[in-house]
Amino acid sequence: MVESDRNYMRLALQEAKKGSGRTSPNPCVGALVVKNGKIVGKGYHKKAGSHHAEIHALKAAGRKAKDATLYVTLEPCNHTGRTPPCTEAVLGAGISRVVIGMPDPNPRVAGGGAAYLSSQGVKVSAGILKQECREINLPFIKHSTTGLPWVIMKAGMSIDGRIAALPGQKTMITGKQSLRSVHVLRNKVDGILVGIGTALADDPSLTTRSHGAGRGRDPLRVILDAELRLPVSAAMLQQNSPAGTWIFCASGADKKRRSTLEAADAVIKIVPVSSRGALDLKAVLTELGQAGVTSLLVEGGSRVHGSFLEAGLVDQLLLFVAPKFLGEQGVPLATFTGKKKKKDLRQFRIIKTRRYGEDILLEGRFFNMSK
């Protein structure tokens, strides 16, 4: 691998990141056209259904694309979906070499684009900054290979691991800088999930309201509410927001309550219940994945966190830790339903720490989720 290939791929990654949070269920992809050591075209995928990154870059390059090198963070598609195959556009432009960051993870099409270009006489180099290219598309990779969304568990907590001062009490633990960063995160995910306990205690809006007027994109609001206890006066049902609100419940939930919530524009989804009486979280994720939700932010509360962790359904942890003590009467980060043995506890790796005012963000991944 020549160093220039790595440098150009880094620039292609910068292009790809411009589409972060806007391309779902498609990936973030960036592309550059380079000729005689100069960038003559660049582009990124802006949203699903629009031109792919390669097309934008090739159009920007125009006639200069002939005999040039195309750098693209993800293998060009060789199938017709909502847009024509990019491989044909690459061949039509006269590109002589294609440098690929990562292969398409979809098992039905993986390798098809690279193999086709190679069979047509185009020189293909693959795996350039592969890990960096994977990193920006973890939700897409998981959704493509499993049909499920990438699950991020987020919480603001005291230094002794409490997320509220008392059960059922709304508690502001972290500072304003942490709150702003959470709204930036919400702007990039497809869905945000809370349990009915959090919905009743905090009455959250679950929007990107502090991200800047007109700049944020509200995610789908998802509530776990087996008995449909959410009132129609809840803030999340009173938002002037294009995003919907989905409420997952059990089949035995009151039909009158269901009709009342549906009249308030909530979408009711019935899922199976476990032997312990809890909603089947795998069924919830499957339903969301089928709707094109590739990333889901789980914001609590304690039982919801514990249930996701016990089921092994968390991919990423974002813990905002404030320099406060709330004591043993406070609500713990996660409540588990069964007795946990040491061998049953899934370990995670802290991969990054960050400072937000007086708070510290700990970002972690579970070992088997980051491969």
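Scroll up to find the structure this text is about.
Calculation rules
Residues numbered from 1 in each chain as written. Predicted model: local features only at pLDDT ≥ 70, side-chain atom pairs only at ≥ 80, totals over all residues. Heavy atoms only, no water. Helix = DSSP H or I, 4+ residues; strand = E, 2+ residues; numbered from the N terminus. Buried < 20%, exposed > 50% of the residue type's maximum accessible area, 1.4 Å probe, protein only. Contact = heavy atoms within 4.5 Å. Salt bridge = Lys/Arg side-chain N within 4 Å of Asp/Glu carboxyl O. Pairing = 2+ DSSP bridges. Axes fitted to C-alpha atoms, helices over the stretch in contact; angles between N-to-C directions. Arc of directions from axis to C-beta.

**Things to note about the environment of A114**
Relative to the assigned elements, A114 resides in helix α4 (residues 112-119). Classification of A114 as buried rests on a relative accessible area of 19%. In the structure, A114 is positioned 36 residues away from N78 in sequence and 8.5 Å away in space, judged by C-alpha atoms. Aside from chain neighbours lying at most four places away, what touches A114 is E75, I100 and V124.

**Considerations on the pattern of salt bridges**
All chains considered together, the criterion is met by 15 salt bridges. Residue E299 pairs with R186 through a salt bridge whose shortest N-O separation is 3.0 Å. You can see E299 sitting in the loop between β12 (295-298) and α11 (302-310) and its partner R186 sitting in helix α7 (residues 176-186), a full 113 residues away along the chain. Of the two residues examined, E299 and R186, each falls in the buried class. Between D190 and R217 there is a salt bridge; the shortest N-O distance is 3.5 Å. Of the two residues, D190 sits in the loop between α7 and β8 (191-195) while R217 sits in the loop between α8 (196-202) and β9 (220-224), which places them 27 residues apart along the sequence. With relative accessibility at 26%, the residue R217 sits in the partly exposed group. One connected set of salt bridges, linked through shared partners, spans E135, R354, E363 and R365.

**Quick look at the sheet that holds strand β5 (residues 123-126)**
Pairing is mixed in the open sheet, where five strands are placed in the order β2-β1-β3-β4-β5. The sheet is open, and its two borders are formed by β2 (38-44) and β5, each paired with just one other strand. The mean angle between the axes of side-by-side strands here comes to 15°, regardless of whether they run parallel or antiparallel. Two strands pair when backbone bridges link them, and strand β1 (residues 30-35) and β2 are joined in this way by six bridges, in the antiparallel orientation. Bridge pairing in β2 links A31 to G43.

**Some points on α4**
Among all positions of α4, only G113, A114 and L117 are buried. For α4, the angular spread of the buried residues around the axis is 100°, confining them to a single face. Looking at the packing, one finds that the buried side of α4 touches α3 (86-93), β4 (97-102) and β5. Positive phi appears at G121, one or two residues downstream of α4, with a value of about 90°.

**Regarding the sheet that holds β8**
If you walk across this open sheet you meet the nine strands as β11-β10-β9-β8-β12-β6-β13-β16-β15, and the pairing is mixed. Every interior strand has two partners, whereas the edge strands, β11 (266-270) and β15 (348-356), have only one. On average, adjacent strands in this sheet sit at an angle of 20° to one another, irrespective of strand direction. Alignment of β15 against strand β16 (residues 359-366), held across eight bridges, turns out to be antiparallel.

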